Structures are given as C-alpha cells and as structure tokens.
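Single-letter residue listing:
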Amino acid sequence: MSSNDANTSGVYRSGRQSSLMREPLTRLLGLAATAGYGVLIAWLFAHQPQSLTEVTGGLSATVGAYRIDQQAFDDGLRLFREDQFEAAVSAFERADAAKRDARTQFYIAYAYYRRGWSRFYEDDAWFTKGLETVNRAIALAPNGRIVVDDPELKMHTADELKAELEAGLRTDLADFNPFRVFGARK
Amino acid sequence: MTAAREALQLPILFLTVLLLGAIHVADRVALRPPSLFGLVMGVVLLGLLVRSGALAPERLMHATRSRLANLNGLTVIVSCVMAAAQAFTLVTPDFGLPRVLVSLFLLVLLLNTLAASPDRSRVLRSLLVILGATFTLKFVVLAALSGPADGRLARALQILFEGVTLGAVSQEAMHPSTGYLAFVTLVLFMVGLALLPGRQITRSIGGRSLAKIGAPRALPDPDLSEQR
C-alpha cells in the first residue's frame, strides 16, 4: 500500500469514527426535539390559542414568566370606573393579550356584566360574553378562587359574579317582577 | 437510512402534518385533534404499509439495534400513525351524510388495498388517489355547496340543493386558507410516507449479494433469487 493510500484510508477511518461518534448525539437530539415538539402540539390541542400572542403568552405563563401590560391595565381600570365599559374591555384585552391573567379576565367579565345590565332587562349577548370570560378567569386562577379587593366593586369574588351572570341569563318569574326597576347594579 | 432522517426528519415531518392538519380556520381558529375513526384508519394504514413493504418495522425497531435507536424507531412509527390519523380526519367531511359515506368509502378502499397486497409504489399511488379524491370532495365540491354564495342565482341554487337534500349535505363554511393548509399537509404526509425505510430485498447473483431497498416484489429476471 502506498503512503498516499494509507493516508486516504486513515482519513476515511477517522471520518467514519467521527460519524459513529456523532450518531448517538444525533439520535439523542432527535428524541429530545421530537418529545418537545410533541408536548407543544399536545399543549396547543389542550389550550386552543387563537393567536401567536396567546401561544407565546401561554407558554411563558406555563413557566411562570407571563406579565400583563400594567399601563394598559391601569387605563382599563380608569375607564371601567368612568363607566366606559367597552373602552375598558379594549384596554384590559390589550393588557392581557394572551388571556392568561385571572384578575384582568375578572375585570373584563365585570365590564361585560355592567355593560349588559339595565333596570328593565339584561342583555343576553353581553352576559354570555361575561360568563365565558369569568369561567376562563376561574380556570386560570389557582384553585379557581379569585378575590379582588377593590372598594369600587360590589362583587369581590368570581363566584358572585358568575352567579349574577347566570341569574341574568335565566328566564324566571323574577324577571316579570315590576319592582326590579328599583334594583341596583352591582 | 441515516440517523438524522430517522431521529429528526421523519418524526418532525409527521408531527408537522399532525399540527398543520389540525388547524381549522372558520370564524375562529380551532385546532382539531385526530378523530377516533382517523386513529383506526391510521392503524390500518400502518398495517398496509408494512404488508406492502413501504415500511420495514425491523429497520426501525430490532433487538440488534441500540436502545436509543429503537426509541427513535418507535417515534417514527407513532408519529406516522398520528399523522395518518390526522390526514384521514382532515379529508373526512365534518357532519352529516357526507361524513358517513366518506368514512365508509375510505375504510372499504383501505381494506380492499390491504387485501390486494400491492407493492410499495402501488400503495403510495393508491393512497395519493384516495386522499386526493376525498380532498377534492371536501375542500372543493362540498365547500362550494356550503360556502357563502356570490350572487342571488347561486344563493337560490344553494337553497334549492339544501331543500332537496334536506340539509344533510351542507357543511360548516370554512375560510379558504383551511383548504390550502390541508393541501400542504397532505403533500407533506405523502413525502413522509415516501421517505419511510422500506423493506430491504437482498438478492445474490453468482455468490455476490446485492441489496435493493423498496424494490417491487416481482422481478422479470429469473436469474435473481430473492430473499426476504
């Protein structure tokens, strides 16, 4: 065998050895990537996000890194207290774009309740949205418990708000009581 | 087959099929996991692929392979079944009579193909026709019958058709992007199936052995002896 052949054979052998050494690493990386991708798909199926913001927000909430936009939340709260409920919902939604913060979702549901309430009837469309949102808030809260210490509110827990929204959506004899016009908004 | 293809490319490709096939765009975006029927069809398809030689499970999982390599092989098989389930779910209409008929049609066609014991290329061609036909039915024909009509005449014809079929054929209106996504998904699925490690056929000619992968069963040359 000439020295040239020996060199070529040596290069071939070292290339083959390097390839053999790389194979378990490739397999391990592949397994990790597949497992990660599979978990992500399962998470997407379970949470049904509607936008990329919800995807990133949901994933950061999973690792405890999600933060709402405090400025937008404060704006929403100010508008809520000024009875501008649709504008307040818009600001709250901007504050919690990924819909992962239970407190903000509670305020959105409350805004829907106040927007739908009137002395003569409850607007089912707003109340339905409110019920959906308060259910989402309850699902997001630890142990499903939400208590908001806001003196401006008459209902401080998600359970009270949910019961009020459900009562508003129900048609019963109380709806025909003429004295309901004296009832107060909560 | 290279380790990279087995460990990375194929599982990622099939999982992408699972994800893209789940996206349903209507008034809101929904991610629909494979249906139970789709899972059954996925398992039947796996049997068909193995029987036809389009997939050689022993090249993915075998006692002589390392534990890690076998795990990679398992992910390929599982992701392939999930992708197949998603592909069948995708081409099956969502409601009513078309759903029942297409489900039956798909099951009978797959069982018929299984009974015919075709080779790898014929199975892939047959699958392409099955998925292509059902895709056209759902995303072209039924979507046109169920989508919002452009003019008054079209709307009148739609109402007439709904009346004649007692509303059993109409489907939920979907965004056009759902159809394009479904098309890309099915193309990716077929690419994934074509990349699967097929049955290896070893032939010996005068003491020298030749290996051929994914070759058809019958060979015209009588001198070649086939060992499986």
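See above for the structure.
All figures in this text were calculated on a predicted structure; none of them were measured in a lab. (Residues numbered from 1 in each chain as written. Chains lettered and ligands numbered in written order. Predicted model: local features only at pLDDT ≥ 70, side-chain atom pairs only at ≥ 80, totals over all residues. Heavy atoms only, no water.)

1. Some words on unusual backbone geometry
Residues and elements named next belong to chain A.
Piece 1. With phi around 65 degrees, D83 is a residue other than glycine that occupies positive phi space.
Piece 2. Tracing the backbone shows D83 in the loop between α3 (70–81) and α4 (85–95).
Piece 3. Overall, D83 belongs to the partly exposed group, its relative accessible area being 40%.
Piece 4. Phi at N143 takes a positive value of approximately 60 degrees, unusual for a residue other than glycine.
Piece 5. Following the sequence through the fold, N143 ends up in the loop between α6 (124–140) and α7 (158–169). (Helix = DSSP H or I, 4+ residues; strand = E, 2+ residues; numbered from the N terminus. Buried < 20%, exposed > 50% of the residue type's maximum accessible area, 1.4 Å probe, protein only.)

2. Details of the nonpolar core
Piece 1. Within the largest apolar cluster, 38 residues are counted, with the highest numbers of intra-cluster contacts made by L45, L49, L110, L127, F189, L193 and L196 of chain B.
Piece 2. Only α1 (3–22), α2 (36–52), α3 (67–91), α4 (96–116), α5 (120–146) and α7 (176–195) of chain B provide two or more residues apiece to this core.
Piece 3. Take this core: its biggest share by element is ten residues, from α3 of chain B.
Piece 4. Each residue touching L196 of chain B, except ones within four places of it in the same chain, is listed here: L10, F14, L49, A54, L55, V76, C80 and R120 of chain B.
Piece 5. Within the second largest apolar cluster, 35 residues are counted, among which are A72, F85, W126 and V148 of chain A. (Core = buried A, V, L, I, M, F, W, Y, C linked by side-chain atoms within 4.5 Å. Contact = heavy atoms within 4.5 Å.)

3. As for the interface of chain B and chain A
Piece 1. Every contact between the two is made by 25 residues of chain B and, on the other side, 17 residues of chain A.
Piece 2. Considering only the side of chain B, the residues that lose the most area to chain A are L15, L31 and L68 of chain B, jointly responsible for 29% of the buried surface there.
Piece 3. Scanning the region where chain B abuts chain A turns up one salt bridge.
Piece 4. The tally of links from chain B across to chain A stands at four residue pairs in polar contact (both at pLDDT 80 or more).
Piece 5. The set of elements that each furnish at least two residues to the side of chain B that touches chain A consists of α1, β2 (29–31) and α3 of chain B.
Piece 6. Here the side of chain B that touches chain A is composed, by residue class, of 17 nonpolar, four polar and four charged. (Buried area = accessible area lost by both parts, 1.4 Å probe. Salt bridge = Lys/Arg side-chain N within 4 Å of Asp/Glu carboxyl O. Polar contact = N/O pair within 3.5 Å; in protein donor to acceptor, adjacent residues only side chain to side chain. Nonpolar A, V, L, I, M, F, W, Y, C, P; charged D, E, K, R; others polar.)

4. A word on the pattern of salt bridges
Piece 1. On inspection of all chains with the given rule, the structure shows eleven salt bridges over all chains.
Piece 2. A salt bridge links E6 of chain B to R65 of chain B, with the nearest nitrogen and oxygen atoms 2.3 Å apart. In this pair, E6 of chain B sits in helix α1 while R65 of chain B sits in the loop between α2 and α3, placing the two residues 59 residues apart along the sequence.
Piece 3. One salt bridge connects R32 of chain B with D94 of chain B, and the closest N-O pair in it is separated by 3.2 Å. Taken together, the residues R32 of chain B in the loop between β2 and α2 and D94 of chain B in the loop between α3 and α4 connect sequence positions 62 residues apart.
Piece 4. Each member of the salt-bridge network shares a partner with another, and the members are E23 and R27 of chain A together with E6 and R65 of chain B.

By themselves, these observations are geometric and do not establish any function.
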